[in-house]
Amino acid sequence: MAYQPKKRKMTAEINVVPYIDVMLVLLIIFMVTAPFVSQGVDVDLPKTQTAETIAQLNKDNDTPPIIVEVDKDGNLGVSINNDDMTHGLSLDELIARVKAELVRDPKTLVMVGGDGRTPYANIVETLDALSHAGVGSVGLMTDPLDKPGK
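Residues numbered from 1 in each chain as written. Predicted model: local features only at pLDDT ≥ 70, side-chain atom pairs only at ≥ 80, totals over all residues. Heavy atoms only, no water.

### Details of helix H3 (residues 91-104)
Phase 1 of the analysis: An ideal rise of 1.5 Å per residue puts 20 Å on 14 residues; H3 measures up with 20 Å between its terminal C-alpha atoms.
Phase 2 of the analysis: Among the residues of H3, those classed as buried are Leu94, Ile95, Val98, Glu101 and Leu102. Buried residues along H3 cover an arc of 135° about the axis, so they all sit on one side. Along H3, exposed side chains directed more than 90 degrees from the buried face belong to Asp92, Ala100, Val103 and Arg104.
Phase 3 of the analysis: Tucked into the core, H3 has its buried residues touching strand E2 (66-70), strand E3 (76-79), strand E4 (86-89), strand E5 (110-114) and helix H4 (120-132). (Helix = DSSP H or I, 4+ residues; strand = E, 2+ residues; numbered from the N terminus. Expected span 1.5 Å × (residues − 1). Buried < 20%, exposed > 50% of the residue type's maximum accessible area, 1.4 Å probe, protein only. Arc of directions from axis to C-beta. Contact = heavy atoms within 4.5 Å.)

### Quick word on the pairing of E2
Phase 1 of the analysis: Counting buried residues in E2 gives 5 out of 5 residues, a clear majority hidden from the surface.
Phase 2 of the analysis: Side chains of E2 alternate between two faces, with Ile66, Val68 and Val70 and Ile67 and Glu69 buried alike.
Phase 3 of the analysis: Here E2 folds back onto E3 in antiparallel fashion, the turn holding 5 residues, of which Gly74 has a positive phi close to 85°. (Pairing = 2+ DSSP bridges.)

Laid out in C-alpha cells, this is it:
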C-alpha cells in the first residue's frame, strides 16, 4: 500500500478576530471622547457676583432645567432634559416646546441665557413671550465673576 497524501480543500474564510479587536478599541476611544464633545452655540454670558447655581435654585426638583439661549444674532435655541441644543427656532416654536415640557412637569425651572453681545431687546422679547405663555418664573443665566484675591 502506497502512501496517498490527503487532498486538502481550499477554504475561503476570513479571520474576523483582528477586526473585532479594532472595533472594540474604536468603541473605547469613542466612549472616552464623547463627553468632551460639546454641542451648542458659544454664548458669552454676562458676569455677576451674586448669582446662584442651578443646583441651589433647583433644591426641590431633580428635573434638569429648560435652557433657552439667545445668541448674538438673536437666534433662539432650547435644551430640554439636558438634550442637545435645538437651534433656529422661531419664538412660537420655542414657546410651544417650553409649554409642552411644563405641562409634563410644572416645577421645571426655565433659564434664559443671552450672549453678552445680544441686543437687550431680544432678551426682553423672549422673557415677555415666556411670561405671556404662562411660565411663572424665569431665571437669567450668568457666569460667576472672578473675585479679587482668588
